[in-house]
Amino acid sequence: MIEISNLSKSFPSPGGEEKVNVFSGVNFVLEQGESVAILGPSGSGKSTLLNVIGLLDKPTSGKILVGEKDLSSLSEREVAEYRNQKVGFVFQSHHLLPSCTVLENVMIPALAGFGKLTKDTLRNRAATLLEEVGLGHRMSHLPSQISGGERQRVAVARALINEPSVLLADEPTGALDKKNSDKLMNLLKQMNEGKGVTLLMVTHSTEGANLMKQAYHFHEGSLLQDR
Ligand SMILES: Nc1ncnc2c1ncn2[C@@H]1O[C@H](COP(=O)(O)OP(=O)(O)OP(=O)(O)O)[C@@H](O)[C@H]1O
Ligand SMILES: [Mg+2]
């Protein structure tokens, strides 16, 4: 469903004298319902690839097709709609709003104006997602009143509120201890298998990567498939 061909990304260097080439010649197909791990050393381009797929950044060259659509041909509104409706992001750090409750945090992406849910339906959906991630008993807590592992689970629920077809997770367990990390990995896997959400996850954990059906790694600017 997402087909990437000959993708490259470079950044201008801060001094402007030469470019930083992050990756080039990246070809990659992400089928609906797949689970894929992206590995590679620090600075190898993992986050950059996720950002480009999630339209948080633009590739330097190459093509990304989603279904039949070329992402480079989208209007500004379509880009915003794609980011809000088609993909869900879970980052290394949760980025929850500190003054909103857990339930409100989960509801926020659905308030952007692309969906057409009534407030009640939305509230029920957010509550159901929080039950699914094991946080039914923490809905009116603030982010500061729950644990780090719980905050990451709220971030997963928030990423799923608009029923995206793809979940992009950038080291979602990076800030967690082993026990919470295992729990979150299993939760993501469960969302993938139970809901059919396509899962693309950057991780440094071999164990986490092994839960994914496919694995790739970056090596010197190329994306190589391991399995
Ligand atoms: N906005 C930017 N301007 C210039 N260079 C950038 C920018 N963003 C990233 N880079 C460079 O691109 C390279 C890849 O960065 P990226 O964040 O994708 O790495 P990563 O594989 O996610 O690393 P990590 O495991 O540490 O998160 C790095 O060398 C970085 O310096
Ligand atoms: Mg990164």
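Residues numbered from 1 in each chain as written. Chains lettered and ligands numbered in written order. Predicted model: local features only at pLDDT ≥ 70, side-chain atom pairs only at ≥ 80, totals over all residues. Heavy atoms only, no water.

Novice: How do you make sense of the overall build of the protein when you look at a structure like this?
Specialist: Looking only at helices and strands, the protein features seven helices and ten strands. Against the globule reference of 17 Å for 227 residues, the protein gives a C-alpha radius of gyration of 18 Å, in line with a compact fold. Across its three principal axes, the protein shows a C-alpha extent of roughly 50 × 40 × 35 Å. Burial statistics for the protein: of 227 residues in total, 49% are counted as buried. Across the protein, every contact between residues at least 6 apart in sequence was considered, and the portion connecting residues at least 24 apart equals 70%. Carbon and sulfur atoms make up 49% of the accessible area of the protein, which amounts to about 11100 Å² in all. (Helix = DSSP H or I, 4+ residues; strand = E, 2+ residues; numbered from the N terminus. Rg over C-alpha atoms; globule rule 2.2 N^0.38 Å. Buried < 20%, exposed > 50% of the residue type's maximum accessible area, 1.4 Å probe, protein only. Contact = heavy atoms within 4.5 Å. Areas by Shrake-Rupley, 256 points an atom, 1.4 Å probe, with all protein chains shown as cover.)

Novice: Just checking my understanding: could you explain the pairing of strand E6 (residues 87–90) for this structure?
Specialist: Regular strands place side chains that alternate from one sheet face to the opposite one. Burial along E6 is two-sided: Val87 and Phe89 facing one way and Gly88 and Val90 facing the other are all buried. Across four bridges, the pairing between E6 and strand E7 (residues 166–170) is parallel. Looking at E7, one finds that Val90 is bridged to Ala169. (Pairing = 2+ DSSP bridges.)

Novice: Just to check I follow, could you spell out the pattern of salt bridges for this structure?
Specialist: When their charged atoms lie close together, side chains carrying opposite charge are able to pair. Under the criterion given, the structure shown has eight salt bridges. Between Glu78 and Lys69 there is a salt bridge whose closest N-O contact spans 3.2 Å. On the basis of relative accessible area, Glu78 is assigned to the partly exposed category, the value being 29%. For Lys69, a relative accessible area of 44% puts it in the partly exposed group. (Salt bridge = Lys/Arg side-chain N within 4 Å of Asp/Glu carboxyl O.)

Novice: How do you make sense of the site of ligand 1 when you look at a structure like this?
Specialist: Within the structure, ligand 1 sits among Phe11, Val22, Pro41, Ser42, Gly43, Ser44, Gly45, Lys46, Ser47, Thr48, Glu171 and His204. Interatomic distance of 2.7 Å between a side-chain N/O atom of Lys46 and an oxygen atom of ligand 1. His204 has a polar side-chain atom sitting 3.3 Å from an oxygen atom of ligand 1. Out of a free accessible area of 640 Å², ligand 1 has 59% covered by protein chains. Among the elements that line the shell around ligand 1, the one with the most residues is helix H1 (residues 46–53), at three residues. Of the residues belonging to the shell around ligand 1, the class tally is three nonpolar, seven polar and two charged. (Near = heavy atom within 4 Å. Polar contact = N/O pair within 3.5 Å; in protein donor to acceptor, adjacent residues only side chain to side chain. Nonpolar A, V, L, I, M, F, W, Y, C, P; charged D, E, K, R; others polar.)

Novice: What is the right way to look at the nonpolar core in this model?
Specialist: Where a protein is soluble and globular, its nonpolar side chains tend to be buried together. Core analysis: the largest hydrophobic core is formed by 39 residues, its most contacted members being Leu130, Val154 and Leu167. Where this core is concerned, the elements lending two or more residues are strand E3 (35–39), helix H3 (102–107), helix H4 (119–132), helix H5 (148–160), E7, helix H6 (178–195) and strand E8 (198–202). Looking at this core element by element, the count peaks at six residues for H5. Residues within four places of Leu167 in sequence aside, it is in contact with Gly88, Val90, Ala159, Leu160, Leu188, Val197, Thr198, Leu199 and Leu200. (Core = buried A, V, L, I, M, F, W, Y, C linked by side-chain atoms within 4.5 Å.)

Novice: How should I be thinking about the layout of surface pockets in this particular structure?
Specialist: Which parts of space are left empty comes out when a probe the size of a water molecule is rolled across the atoms. The volume enclosed by the largest pocket comes to roughly 370 Å³. Lining the largest pocket are 17 residues, with Arg83, Asn84, Phe89, Pro109 and Arg158 positioned closest to its centre. For the lining of the largest pocket, the secondary-structure elements that each account for two or more residues are helix H2 (76–86), E6 and H5. Class assignment for the residues of the lining of the largest pocket results in ten nonpolar, five polar and two charged. (1 Å grid on protein atoms, 1.4 Å probe; cavity = no way out; pocket = protein on both sides within 12 Å on 5 of 7 lines; lining within 4 Å. Points joined across faces, edges and corners; volume = space filled by probe spheres on them.)

Novice: Whenever I open this one, the packing of H5 against H6 confuses me. Can you help?
Specialist: Two quantities define a packed helix pair, namely the angle between the helix axes and the distance between the axes. At a minimum axis separation of 10 Å, H5 and H6 run at an interaxial angle of 15°. The orientation of H5 with respect to H6, classified from their angle, is roughly parallel. As H5 runs across H6, the sense of the crossing is right-handed. Facing H5, whose interface residues are Gly149, Gln152, Arg153, Val156 and Leu160, H6 presents Asn180, Lys183, Leu184, Leu187, Leu188 and Met191. Within the contact of H5 with H6, the residues separate by chemical class into six nonpolar, three polar and two charged. (Axes fitted to C-alpha atoms, helices over the stretch in contact; angles between N-to-C directions. Parallel < 35°, antiparallel > 145°, perpendicular 65-115°, else oblique. Left-handed = near helix turned anticlockwise from the far one by under 90°.)

Novice: In this structure, what is going on with the sheet that holds strand E5 (residues 69–70)? I would like to understand it.
Specialist: Strands pair in a sheet through their backbones, by hydrogen bonds, and they do so in one of two ways: parallel or antiparallel. Read from one edge to the other, the open sheet built from four strands follows the order E2-E1-E4-E5, with strand pairing classed as antiparallel. The outermost strands of the open sheet, each flanked by one partner alone, are strand E2 (19–30) and E5. Examined bridge by bridge, strand E4 (residues 61–66) and E5 share two bridges and lie antiparallel to one another. When the bridges of E5 are listed, Leu65 appears paired with Asp70. Seen against the sheet, H1 touches strand E1 (2–12), E2 and E4 and runs at an angle of roughly 120° to E1.

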